[in-house]
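Chain and residue survey
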Amino acid sequence: MSQQVAIVDYGMGNVRSVLNAFQAVSAPNDQVFLSNDPERLRAADRIVFPGQGAAGDCMAALRQDELDQVIAELATNKPFLGICMGMQVLLGHSDENNGTTCMNYFPGGVHHFVDNAEQLSGLKIPHMGWNSVAQTSTHPLWHNIPDHSMFYFVHSYYVAPEQPELTVGETSYGIDFTAALAADNIFAIQCHPEKSSTAGLQLLSNFLEWDGS
Amino acid sequence: MALAKRIIPCLDVDQGRVVKGVKFVDIRDAGDPVEIAKRYNDEGADEITFLDITASSDNRDTIYKVVEAVASSVFIPLTVGGGVREVEDIHRLLNAGADKVSINTAAVFNPELVSAASQRVGSQCIVVAIDAKQVSGPDEPLRWEIFTHGGRKPTGHDAVQWAQQMVERGAGEILLTSMDRDGTRVGFNLPLTRAVSEGVSVPVIASGGVGNLQHLVDGVLEGKADAVLAASIFHFGEYTVGQAKQYMRDHGITVRL
């Protein structure tokens, strides 16, 4: 069975890597493509929502074409994977850029690691490199990925959802923070599965198999 | 568990081919960047760095094809450096599939490039490469300066201060090479590495001088490096990346194994 996998391309960072990785794990008949066209996104079977850069720029780019509304609509009805900034902007509010109002799909905030400076004690910012993700809940996207597998992270801000039960993966860097959260048809992850070698490719492959429940 | 210390093999690429004799016994084409990158990925490399040493400007576009080919078959971070002069060069490398771009000489002659680039593409994509040499005499406090042109030309910039300035301008990571040690295989310059790593808030990659696995351990434990970069010990098949990681783990360092 072929399927259409849309990667939302709204000009924020390197989406090419995400496309490359999905092409490597998808079936020959699957169509994986980059798009910012609402109609193509609506027609897709699955939505991948990546993002790099600053929250303020990211939200500005989304609002410019009212893509934020399209994303909010898609997030209600298809298997949906948020990656890095594509996870952070699903929260209510980010402290980045002197405060940025986000999509508020999940109530909660996005905070800078330095706000926990006493716990950091000499840790470098950004949190860059491979760190282990503890699978705090079972989820179809963790299938065949050993618990505490390492994934590649690059970020200075982390999400803090108001509902702790949304957290399905946790990572420690000075503090324990939510590395992955999930609700219904949405799975969102802070690290970069497209750059996380075997474990990351397995997660992307699991997403392509996931029925969103 | 904690953030792992990274091992980064570095490959010199000239006109689209890996040079400096990579000697894997069973590799079909030792000059093929894709095949070598795949091998290092299989061995557990945490990232790969390509240094484009193509001298002729006619052939400079070959690096983009190399990056495209590697990025579509190897799924770990890829840093590319060498000959980066303008924001547009950085943009093209990222579009081709690089995750980070390393700026070296251009940062010295045009520091504004670092600011402009990090604003355009984000600090997480910008590595500033620093080539430093010891300039203090035997009885003086240790001091290192930035050199250009393969370590031949002094710039008068203090290495630690320069690294701090680059971070202020938006460097997301510092690739620190000791020009005194590069190619000597006697180990990293540990006081230099430590001074820079403790002097900046961003990760520091130590480079220059690795001859054995203990050097990697020293770079992390004594030099306080966040990542270690090496070329010859891996290229010539003396050690695999996996052996290096096991050795580091045996010495109490968190690695991805």
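One structure accompanies this document, and this report is about it.

Points about the overall build of chain A
When you go through chain A residue by residue, the secondary structure sums to seven helices and 14 strands. For a compact globule of 213 residues, the expected C-alpha radius of gyration is about 17 Å, and chain A comes in at 16 Å, within 12% of that figure. When its C-alpha atoms are laid out on the principal axes, chain A stretches across 50 × 40 × 30 Å. Classification of the 213 residues of chain A by burial places 62% in the buried group. Long-range pairs, those at least 24 residues apart, make up 70% of the contacts in chain A with a sequence separation of at least 6. In chain A, which carries 8 positive and 23 negative side-chain charges, the distance between the mean positions of the two groups comes to 9 Å.

Considering helix α4 (residues 67–74) of chain A
Within α4 of chain A, the full set of buried residues consists of Leu67, Asp68, Val70, Ile71 and Leu74 of chain A. Seen from one end, α4 of chain A has its buried residues packed into an arc of 160 degrees, which puts them on one side.

Structural notes on the packing of helix α3 (residues 87–96) of chain B against helix α5 (residues 112–121) of chain B
Residues and elements named next belong to chain B. α5 packs onto α3 with a crossing angle of 40 degrees between their chain directions and a minimal axis gap of 9 Å. Comparing their axes, α5 and α3 come out oblique. Relative to α5, α3 is oriented so that their crossing is right-handed. Contacts between α3 and α5 pair Val87, Glu88, Ile90, His91 and Leu94 from the former with Leu113, Ala116, Ala117, Arg120 and Val121 from the latter. Partitioned by chemical class, the residues of the contact of α3 with α5 number seven nonpolar, one polar and two charged.

Observations regarding the pairing of strand β2 (residues 31–35) of chain A
Residue and element names in this part refer to chain A. Bridge count between strand β1 (residues 4–8) and β2: five bridges; the pairing is parallel. Bridged to Val8 within β2 is Ser35. Handedness of the crossover is the feature at issue here: the chain leaves β1, passes through helix α1 (residues 16–25), returns alongside β2, and the resulting connection is right-handed.

Quick word on the interface of chain B and chain A
The interface of chain B with chain A comprises 36 residues on the first partner and 27 residues on the second. Buried area between chain B and chain A, summed over both chains or domains, comes out near 2400 Å², and the portion from carbon and sulfur atoms is 56%. The tally of links from chain B across to chain A stands at two salt bridges. When the shortest N-O distance is used, the salt bridge between Asp226 of chain B and Lys124 of chain A registers 3.1 Å. Linking chain B with chain A are 15 residue pairs in polar contact (both at pLDDT 80 or more), by the criterion used here. Of all elements in the fold, only α2 (62–71) and α3 of chain B reach the threshold of two or more residues within the side of chain B that touches chain A. Grouping the amino acids of the side of chain B that touches chain A by side-chain chemistry returns 18 nonpolar, nine polar and nine charged.

Quick notes on the nonpolar core
Among the nonpolar cores identified, the biggest contains 82 residues, and Ile90, Ile103, Ile174 and Leu216 of chain B are the most heavily contacted of them. Judged by nonpolar contacts, the second largest core, of 38 residues, contains Ala21, Phe22, Phe113 and Phe207 of chain A.

Considerations on the packing of aromatic side chains
One pass over the full model with this rule turns up 12 aromatic pairs over all chains. In textbook terms, an aromatic cluster arises when at least three aromatic residues are bridged by ring pairs, as seen for Phe113, Phe153, Tyr158, Tyr173 and Phe177 of chain A. Above the ring of Trp130 of chain A, the side-chain terminus of Arg256 of chain B is found at 3.6 Å from the ring centroid.

Examining the pairing of strand β8 (residues 127–132) of chain A
Residue and element names in this part refer to chain A. A large share of β8 lies buried, amounting to six of its six residues. Looking at chain direction, β8 and strand β10 (residues 150–155) are connected through six bridges and run antiparallel. Along β10, the bridge assignment pairs Asn131 with Phe151.

Let's talk about the environment of Pro140 of chain A
All names here are of chain A. The topology assignment puts Pro140 in the loop between β9 (134–135) and β10. Judged by its relative accessible area of 40%, Pro140 is partly exposed. The spatial distance from the C-alpha of Pro140 to the C-alpha of His93 is 28 Å, given a sequence separation of 47 residues. Here Pro140 is in contact with Asn206, Trp210 and Ser213, once residues within four sequence places are set aside.

Concerning the pattern of salt bridges
Residue and element names in this part refer to chain B. Under the counting rule described, the total for this entry stands at 17 salt bridges over all chains. The residue Arg6 makes a salt bridge to Glu173 at a minimum N-O spacing of 2.7 Å. Here Arg6 is found in strand β1 (residues 6–14), whereas its partner Glu173 is found in strand β9 (residues 173–178), with 167 residues between them in sequence. Judged by relative accessible area, Arg6 falls into the buried class, the value being 1%. Exposure remark for Glu173: the relative accessible area of 1% places this residue in the buried category. In this structure, a network of salt bridges that share partners links the residues Arg6, Glu47, Lys100 and Glu173.

So, the state of the cysteines
Applying the stated criterion across every chain, the model contains zero disulfides over all chains. Summary of cysteine pairing: Cys102 of chain A is not part of a disulfide, and the nearest cysteine sulfur, belonging to Cys58 of chain A, is at 8.2 Å. Of all cysteine sulfurs in the structure, the one in Cys125 of chain B sits closest to Cys10 of chain B, which takes part in no disulfide; the separation is 19 Å. Assessed through its relative accessible area of 11%, Cys10 of chain B is described here as buried.

Describing unusual backbone geometry
Residue and element names in this part refer to chain A. In this chain, Ile125 is followed by Pro126 through a cis amide linkage whose omega measures 5 degrees. Tracing the backbone shows Pro126 in the loop between α6 (117–120) and β8. Of note in the backbone geometry, Asn98 takes a positive phi value of approximately 55 degrees without being a glycine. With respect to the helices and strands, the residue Asn98 is situated in the loop between β5 (91–94) and β6 (100–101).

Quick word on the environment of Gln134 of chain B
Residues and elements named next belong to chain B. Locating Gln134 in the fold gives a position in strand β6 (residues 126–134). With a relative accessible area of 35%, Gln134 lands in the partly exposed category. A C-alpha to C-alpha distance of 10.0 Å links Gln134 and Phe147, two positions 13 residues apart in sequence. In this structure Gln134 touches Leu142, Arg143, Trp144, Asp180 and Asn189, once residues within four positions along its chain are discounted.

How each quantity is defined
- Residues numbered from 1 in each chain as written.
- Chains lettered and ligands numbered in written order.
- Predicted model: local features only at pLDDT ≥ 70, side-chain atom pairs only at ≥ 80, totals over all residues.
- Heavy atoms only, no water.
- Helix = DSSP H or I, 4+ residues; strand = E, 2+ residues; numbered from the N terminus.
- Rg over C-alpha atoms; globule rule 2.2 N^0.38 Å.
- Buried < 20%, exposed > 50% of the residue type's maximum accessible area, 1.4 Å probe, protein only.
- Contact = heavy atoms within 4.5 Å.
- Lys, Arg positive; Asp, Glu negative; His and termini not counted.
- Charge placed at Lys NZ, Arg CZ, Asp CG, Glu CD.
- Arc of directions from axis to C-beta.
- Axes fitted to C-alpha atoms, helices over the stretch in contact; angles between N-to-C directions.
- Parallel < 35°, antiparallel > 145°, perpendicular 65-115°, else oblique.
- Left-handed = near helix turned anticlockwise from the far one by under 90°.
- Nonpolar A, V, L, I, M, F, W, Y, C, P; charged D, E, K, R; others polar.
- Pairing = 2+ DSSP bridges.
- Right-handed = clockwise from strand over helix to strand, strands pointing away.
- Buried area = accessible area lost by both parts, 1.4 Å probe.
- Salt bridge = Lys/Arg side-chain N within 4 Å of Asp/Glu carboxyl O.
- Polar contact = N/O pair within 3.5 Å; in protein donor to acceptor, adjacent residues only side chain to side chain.
- Core = buried A, V, L, I, M, F, W, Y, C linked by side-chain atoms within 4.5 Å.
- Phe/Tyr/Trp six-rings, centres within 6.5 Å; stacked < 30°, edge-to-face > 60°.
- Lys NZ or Arg CZ within 6 Å of the ring centre and 35° of its normal.
- Disulfide = S-S within 2.5 Å.

All quantities given are derived from atomic positions and should not be read as evidence of function.
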